[in-house]
Amino acid sequence: MSMNRPTAVDVPRLSAPLVLAWLCALSPFGVLFVVGTAWLEQQPAWRTAFGSFAGQYHTVMLPVLNVGWSLSMMFAVYVAGPLWMLLVCRRRWRHSWKMHAMQLITCAAGWVLIWLLIIQTDLLTKLG
């Protein structure tokens, strides 16, 4: 008894609109990553564990994290939403509605986490 086995694995092709749509959906998590990195960098245990290296690292990373915060927040607030809507509205770039619902839920979860972890705890004033 022989079984017909496929000789190659059919891997779905990633398209640019799909990658852009997921980039938009994951943009709040980019903001969380930058703020979380800034929070970790300012912890006293971090500074004592690495000694003088932590001081040099702090002077380099502070401007980098400020730029990272600005760019990630600008993208998440002003670019991601309109770009995602454009990708959903164009029939040519649209994928399944299940995929777009998953992206919308992912983005909403990211914004809820931003609200809970950053805004409610007033983390930004503690970092400044």
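Data block above holds the structure.
The rules behind each value
- Residues numbered from 1 in each chain as written.
- Predicted model: local features only at pLDDT ≥ 70, side-chain atom pairs only at ≥ 80, totals over all residues.
- Heavy atoms only, no water.
- Helix = DSSP H or I, 4+ residues; strand = E, 2+ residues; numbered from the N terminus.
- Contact = heavy atoms within 4.5 Å.
- Phe/Tyr/Trp six-rings, centres within 6.5 Å; stacked < 30°, edge-to-face > 60°.
- Lys NZ or Arg CZ within 6 Å of the ring centre and 35° of its normal.
- Expected span 1.5 Å × (residues − 1).
- Buried < 20%, exposed > 50% of the residue type's maximum accessible area, 1.4 Å probe, protein only.
- Arc of directions from axis to C-beta.
- Axes fitted to C-alpha atoms, helices over the stretch in contact; angles between N-to-C directions.
- Parallel < 35°, antiparallel > 145°, perpendicular 65-115°, else oblique.
- Nonpolar A, V, L, I, M, F, W, Y, C, P; charged D, E, K, R; others polar.
- Patch = residues over 30% accessible without salt bridge, like charges linked within 9 Å, V, L, I, M, F, W, Y side chains within 5 Å.
- Areas by Shrake-Rupley, 256 points an atom, 1.4 Å probe, with all protein chains shown as cover.
- Salt bridge = Lys/Arg side-chain N within 4 Å of Asp/Glu carboxyl O.
- Core = buried A, V, L, I, M, F, W, Y, C linked by side-chain atoms within 4.5 Å.

1. Focus: the overall build of the protein
Here comes step 1: When its secondary structure is counted, the protein shows six helices and zero strands.
Here comes step 2: The helix and strand sequence of the protein, counted from the amino end, reads α-α-α-α-α-α.
Here comes step 3: Across the protein, every contact between residues at least 6 apart in sequence was considered, and the portion connecting residues at least 24 apart equals 76%.

2. Quick look at the packing of aromatic side chains
Here comes step 1: Inspection of every chain in the model, using the stated rule, returns zero aromatic pairs.
Here comes step 2: Positioned above the aromatic ring of W93 is the side chain of R90, whose terminal nitrogen or guanidinium carbon lies 4.7 Å from the ring centre.

3. Concerning the environment of P28
Here comes step 1: Tracing the sequence through the fold places P28 in helix α2 (residues 27-41).
Here comes step 2: Separated by 82 residues in the primary sequence, P28 and G110 place their C-alpha atoms 5.0 Å from one another.
Here comes step 3: Ignoring sequence-local partners within four residues, the contact set of P28 consists of A76, C107, G110, W111 and I114.

4. A short note on helix α5 (residues 97-119)
Here comes step 1: The end-to-end C-alpha separation of α5 is 31 Å, in line with the 33 Å expected for 23 residues at 1.5 Å each.
Here comes step 2: Among the residues of α5, those classed as buried are H100, Q103, T106, C107, G110, I114 and I118.

5. Re helix α1 (residues 16-25)
Here comes step 1: Those residues of α1 not exposed but buried are P17, L18, A21, C24 and A25. Each buried residue of α1 sits inside an arc of 125° when the element is viewed along its axis, so together they form one side.

6. Some points on the packing of α1 against α5
Here comes step 1: For the pair α1 and α5, the least separation of the axes is 8 Å and the interaxial angle reads 25°. Taken as axis vectors, α1 and α5 run roughly parallel relative to one another. Every residue of α5 that contacts α1 at L18, A21, W22, C24 and A25 is listed here: M99, M102, Q103, T106 and C107.
Here comes step 2: Among the residues making up the contact of α1 with α5, the classes are represented as eight nonpolar, two polar and no charged.

7. Describing a nonpolar patch on the surface
Here comes step 1: A cluster of nonpolar side chains, contributed by L26, F29, V112, L113, W115, L116, L117 and I119, occupies part of the molecular surface with about 700 Å² of accessible area.
Here comes step 2: The greatest single-element share of the nonpolar patch, amounting to six residues, is contributed by α5.
Here comes step 3: In this structure, L26 sits in the loop between α1 and α2.
Here comes step 4: Taking relative accessible area as the criterion, L26 reaches 41% and is therefore assigned partly exposed.

8. Some remarks on the nonpolar core
Here comes step 1: Counting twelve residues, the largest nonpolar core is built from V31, L32, V34, V35, A38, M61, L65, A76, I114, I118, L123 and L127.
Here comes step 2: Elements represented by at least two residues in this core include exactly α2, α4 (52-89), α5 and α6 (123-127).
Here comes step 3: One finds C24, A80, W84 and V88 within the second-largest nonpolar core, a separate group that totals six residues.

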